[in-house]
Amino acid sequence: MKRFDVYIIIAVVAISGFLLAMFMMQSNDNQEVIISLKGEEYARIDIDGQEHVFEIETELGYNKVIVDKDGVHIEEADCPDHDCVEVGTISKVGQSIICAPHYLVIEIVGSADVDLDGIAI
């Protein structure tokens with residue numbers, strides 16, 4: 001391995017570590033979960049440490065959404081592929097869960113939305 005290869009590896013590891021640290025330090029203040037059905041806001045909930053359970057039943061199907069101290073996840077769904085359930089718990093601003101067959105979108109928004117990140121510039 002050449003000296004230049006070592007420098008590239010060190011740079012990649014350093015940049016990855018920096019990005020991971022920035023992601024982990026993201027503020028959890030003022031986070032809200034927005035649940036939307038068919039493009040319309042269904043509910044807006046603060047992530048406040050309490051458990052909130054939403055059983056959403058429409059003509060398209062059923063979803064059980066849990067918002068708790070860890071974040072938000074879909075516990076049950078009757079869609080054919082269950083991709084929304086397999087996503088697991090999301091907890092950071094900008095993350096989302098989508099159940100396409102039921103036109104259900106769950107996203108986390110908060111104070112971190114107002115700042116541009118390095119990618120958006």
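Anything mentioned here points back to the structure above.
Bear in mind the structure is a predicted one, so any value in this text is a computation, not a measurement.

Criteria and cut-off values
Residues numbered from 1 in each chain as written. Predicted model: local features only at pLDDT ≥ 70, side-chain atom pairs only at ≥ 80, totals over all residues. Heavy atoms only, no water. Helix = DSSP H or I, 4+ residues; strand = E, 2+ residues; numbered from the N terminus. Contact = heavy atoms within 4.5 Å. Areas by Shrake-Rupley, 256 points an atom, 1.4 Å probe, with all protein chains shown as cover. Patch = residues over 30% accessible without salt bridge, like charges linked within 9 Å, V, L, I, M, F, W, Y side chains within 5 Å. Salt bridge = Lys/Arg side-chain N within 4 Å of Asp/Glu carboxyl O. Lys, Arg positive; Asp, Glu negative; His and termini not counted. Charge placed at Lys NZ, Arg CZ, Asp CG, Glu CD. Buried < 20%, exposed > 50% of the residue type's maximum accessible area, 1.4 Å probe, protein only. Polar contact = N/O pair within 3.5 Å; in protein donor to acceptor, adjacent residues only side chain to side chain. Pairing = 2+ DSSP bridges. Axes fitted to C-alpha atoms, helices over the stretch in contact; angles between N-to-C directions.

Teacher, can you tell me more about the overall build of the protein chain here?
Along the backbone of the protein chain there are two helices and seven strands. In the protein chain, of all internal contacts separated by at least 6 residues, the share reaching a separation of at least 24 is 34%. Accessible area for the protein chain stands at about 8,200 Å²; split by element, carbon and sulfur atoms hold 56% of it.

Could you clarify how one ought to interpret a negative patch on the surface in this entry?
Taken together, the side chains of E55, E57, E76 and D78 make up a negatively charged region of the molecular surface. With respect to the element layout, E76 can be found in strand β5 (residues 71–77).

I keep staring at the pattern of salt bridges and nothing clicks. Help me out?
If the charged atoms of two oppositely charged side chains come close together, the side chains can form a pair. Inspection of the entire model under this criterion finds five salt bridges. Of the charged contacts, one joins K38 and E59 as a salt bridge, the two residues approaching to 2.3 Å between their closest N and O atoms. Here K38 is found in the loop between β1 (32–37) and β2 (40–46), whereas its partner E59 is found in the loop between β3 (52–58) and β4 (61–68), with 21 residues between them in sequence. Salt-bridge contacts for E75 lead to K64; the nearest nitrogen and oxygen are separated by 3.4 Å. On the criterion of sequence distance, the pair formed by E75 in strand β5 and K64 in strand β4 is long-range, its members being 11 residues apart.

Help me understand the side chain of H102, please; the structure alone is not making it clear to me.
Turning to its location among the elements, H102 is positioned in the loop between β6 (96–99) and β7 (104–109). Here H102 falls in the buried class, since its relative accessible area comes to 3%. Polar side-chain contacts of H102 include one of 3.2 Å to the side chain of D78. When residues no more than four places from it in sequence are discounted, the contact partners of H102 are L37, L60, G61, Y62, N63, D78 and C79.

Explain the sheet that holds β5 here, please?
Strands belonging to one sheet form pairs held by backbone hydrogen bonds; the direction of such a pair is parallel or antiparallel. Reading across the sheet, the three strands line up as β3-β4-β5 and stay open at both edges, with antiparallel pairing between neighbours. Of all the strands in the sheet, just β3 and β5 have a single pairing partner and so form its edges. Across the sheet, the mean angle separating the axes of adjacent strands is 20° when strand polarity is ignored.

So what exactly am I meant to see when it comes to the environment of I47 here?
One can find I47 in the loop between β2 and β3. On the basis of relative accessible area, I47 is assigned to the partly exposed category, the value being 21%. Beyond its immediate chain neighbours, meaning those up to four positions away, I47 contacts Q31, V33, V67, D68 and I108.

In this structure, what is going on with the side chain of Q31? I would like to understand it.
Here Q31 lies in the loop between α1 (3–24) and β1. Not counting residues within four places of it along the chain, the set of residues in contact with Q31 comprises I45, D46, I47, S91, K92, V93, I108, V109 and G110.

Would you explain the sheet that holds β1 in this entry?
Taking strand neighbours across the sheet as the criterion, the four strands line up as β2-β1-β7-β6 in an open arrangement whose pairing is antiparallel. Of all the strands in the sheet, just β2 and β6 have a single pairing partner and so form its edges. For this sheet, the mean inter-axis angle between neighbouring strands, taken without regard to orientation, is 15°. Here β6 pairs with β7 via four bridges, running antiparallel. The partner of C99 across the bridge, within β7, is L104.

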